[in-house]
Amino acid sequence: MLRCSRACAVVVDSLGSMNVEPGLYLYLGSAFGPGGIEARLARHAARSKAKRWHIDYLRPRTSLVEAWFSTALVQLEHDWAARALALPNAVVPLPRFGASDCRCASHLLRFPDSDSSSRSIEQTLAASDSDSFGRLEAAQLRGLARANQALRRAAG
Ligand SMILES: [Zn+2]
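Cut-off values and rules
Residues numbered from 1 in each chain as written. Predicted model: local features only at pLDDT ≥ 70, side-chain atom pairs only at ≥ 80, totals over all residues. Helix = DSSP H or I, 4+ residues; strand = E, 2+ residues; numbered from the N terminus. Axes fitted to C-alpha atoms, helices over the stretch in contact; angles between N-to-C directions. Parallel < 35°, antiparallel > 145°, perpendicular 65-115°, else oblique. Contact = placed C-beta atoms within 7 Å. Pairing = 2+ DSSP bridges. Expected span 1.5 Å × (residues − 1). Buried ≥ 20, exposed ≤ 12 C-beta atoms within 10 Å, placed from the backbone.

Caption draft 1: Summary view of unusual backbone geometry. At aspartate 13, a position not held by glycine, the phi torsion is positive, near 50 degrees. Checked against the element boundaries, aspartate 13 lands in the loop between strand E2 (8-12) and strand E3 (16-20).

Caption draft 2: Structural context of the packing of helix H1 (residues 36-45) against helix H5 (residues 138-155). Running from N to C, H1 and H5 cross one another at 100 degrees; their axes reach a closest spacing of 8 Å. Comparing the axis directions of H1 and H5 gives the class roughly perpendicular. Each of Glu38, Ala39, Leu41, Ala42 and Ala45 in H1 lies in contact with H5, whose residues at this interface are Leu141, Arg142, Leu144, Ala145 and Asn148.

Caption draft 3: Here's a closer look at the pairing of E2. With 5 bridges connecting them, E2 and E3 associate as antiparallel partners. By the bridge assignment, valine 11 is partnered in E3 with serine 17. Connecting the antiparallel pair E2 and E3 is a turn made up of 3 residues, with aspartate 13 showing a positive phi of about 50 degrees.

Caption draft 4: Inspection of H5 at higher detail. An ideal rise of 1.5 Å per residue puts 26 Å on 18 residues; H5 measures up with 26 Å between its terminal C-alpha atoms. Buried residues are scarce in H5, accounting for 1 of its 18 residues. Just downstream of H5, glycine 156 is the residue with a positive phi angle, here 75 degrees.

What follows is the structure, encoded as structure tokens:
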């Protein structure tokens, strides 16, 4: 989850321009590639990098809040997107964001910036997967990104 404190606009690849209002931005993704969740979260935590996914366009304009994850071997991102969209106050800031290859309205949702938003999102996601659900705070995510960069430098 990301936080935008000041309104701005970003052009998100072929989706076009998005008005980024202040608020909390929940992005849903999966990480079944090499390196798994660890590598994916480290990449998202890094502010600037080559732009590959829609989220890479938004990331430099936001700050990290926290991340929720599931180590389940099934893909939960679409189910999580639907459950989060059903929450009161959920807004789709840009249709199809992160959802080019599925039928979800969007994999990016905006919520009012409050502790209660954050809590209800976490409870909603955890409810569908209590066994393999976890959470990382912003400081832990930044640490992960630093470790990842150091490892890549050492590997040349
Ligand atoms: Zn989807």
